[in-house]
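Next come the chains, spelled out residue by residue.
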Amino acid sequence: MIYAVAALAGAAIVFFIFSFFAKDRIKQLEQQMEQLNLTMMQNDYQMKKKMKVLEEELLAGDLTQEIVHQQSRKQTSGLFKPQNTEDTVLTMYQKGYKAHYIAKQTHLSEDEVLALVHRPQQGEQS
C-alpha cells in the first residue's frame, strides 16, 4: 500500500514538472485569435480609407457637373454674369473640397488652385 501511494505521488510530481514544459495550446490559440483580430482591423481601416477616397472623387465629379450645369443656366438666363474657372474653384473650395481634387476637376495645377483661393484674402488684407 505504501508502495502504491509513493508511486502515485512520484507520478504526480513527474506530471506536474512535465506540465511546465508542455506547449500551452490555449495560449497559442489566443495568439492566433489576436493576430486574426489585428489583421481584420487593418483590413477594415484600409477599406474605409479607400471608400472615403472614392466618395470624395465621386462627390467632386458630381459637384463639377452641378457647377457647369448652373453656369449654363446662368448664361441662358442673362441675369448673372457667366461663371469662370475662378468662381468654380472658389465654390468648390467653400464647399470643403481639397485643392488636389479641385485641381483634378478643373484641369488646373494645385498651385494655381491655391493661388485662386487665396487671392481674395490677399486683396482684403491690403
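Each value, and the rule that gives it
Residues numbered from 1 in each chain as written. Predicted model: local features only at pLDDT ≥ 70, side-chain atom pairs only at ≥ 80, totals over all residues. Heavy atoms only, no water. Core = buried A, V, L, I, M, F, W, Y, C linked by side-chain atoms within 4.5 Å. Buried < 20%, exposed > 50% of the residue type's maximum accessible area, 1.4 Å probe, protein only. Helix = DSSP H or I, 4+ residues; strand = E, 2+ residues; numbered from the N terminus. Contact = heavy atoms within 4.5 Å. Polar contact = N/O pair within 3.5 Å; in protein donor to acceptor, adjacent residues only side chain to side chain. Axes fitted to C-alpha atoms, helices over the stretch in contact; angles between N-to-C directions. Left-handed = near helix turned anticlockwise from the far one by under 90°. Nonpolar A, V, L, I, M, F, W, Y, C, P; charged D, E, K, R; others polar. Patch = residues over 30% accessible without salt bridge, like charges linked within 9 Å, V, L, I, M, F, W, Y side chains within 5 Å. Areas by Shrake-Rupley, 256 points an atom, 1.4 Å probe, with all protein chains shown as cover. Salt bridge = Lys/Arg side-chain N within 4 Å of Asp/Glu carboxyl O. Expected span 1.5 Å × (residues − 1).

J.: I'd like to hear about the nonpolar core, residue by residue, with values.
T.: One finds Ala60, Val89, Met92, Tyr97, Ala99, Tyr101, Ile102, Ala103, Val113, Leu116 and Val117 forming the largest nonpolar core, which totals 11 residues. Counting only elements with at least two residues in this core, the list comes to helix H3 (85-94), helix H4 (99-106) and helix H5 (110-125). Among the elements that make up this core, the one with the highest residue count is H4 (4 residues). Apart from residues lying up to four places away in sequence, Val89 is in contact with Ile102, Thr106, Leu108, Val113, Leu116 and Val117.

J.: Go over the side chain of Thr106, please, and point to the residues and values.
T.: On the secondary structure map, Thr106 appears in helix H4. Polar contacts involving the side chain of Thr106 include one to the main-chain carbonyl oxygen of Ile102, which spans 2.7 Å. Among all residues touching Thr106, those that are not within four sequence positions of it are Thr85, Thr88, Val89, Met92 and Val113.

J.: I'd like to hear about the packing of H3 against H4, residue by residue, with values.
T.: Close contact between H3 and H4 brings their axes to 10 Å; oriented N to C, the two are set at 145 degrees. As H3 packs across H4, the resulting crossing turns out to be right-handed. Facing H3, whose interface residues are Thr85, Thr88, Val89, Met92 and Tyr93, H4 presents Ile102, Gln105 and Thr106. Residues belonging to the contact of H3 with H4 are distributed by class as follows: 4 nonpolar, 4 polar and no charged.

J.: Please set out H4 residue by residue, giving values where relevant.
T.: By the burial criterion, the buried members of H4 are Ala99, Tyr101, Ile102, Ala103 and Thr106. His107 sits one or two residues past H4 and shows a positive phi near 60 degrees.

J.: Could you give an account of a nonpolar patch on the surface, with specific residues and numbers?
T.: Taken together, the side chains of Ile13, Phe16, Ile17, Phe20 and Phe21 present a nonpolar region at the surface, about 630 Å² in accessible area. Topologically, Phe20 is positioned in helix H1 (residues 2-21). The exposure class of Phe20 is exposed, given its relative accessible area of 59%.

J.: Give a description of H1 that names residues and reports values.
T.: With 20 residues, H1 should cover 28 Å at 1.5 Å per step; its first-to-last C-alpha distance of 29 Å lies within 8% of that length. For H1, a buried count of 0 out of 20 residues is recorded, marking the element as mostly open to its surroundings.

J.: Can you tell me about the environment of Ala60, naming the residues and giving the values?
T.: Take Ala60: it is sitting in helix H2 (residues 25-77). Accessibility expressed as a relative area gives 0% for Ala60, which makes it buried. A sequence separation of 37 residues divides Ala60 from Tyr97, and the C-alpha atoms of the two residues are 7.2 Å apart. Apart from the residues within four sequence positions on either side, Ala60 is in contact with Met92, Tyr97, Tyr101 and Gln105.

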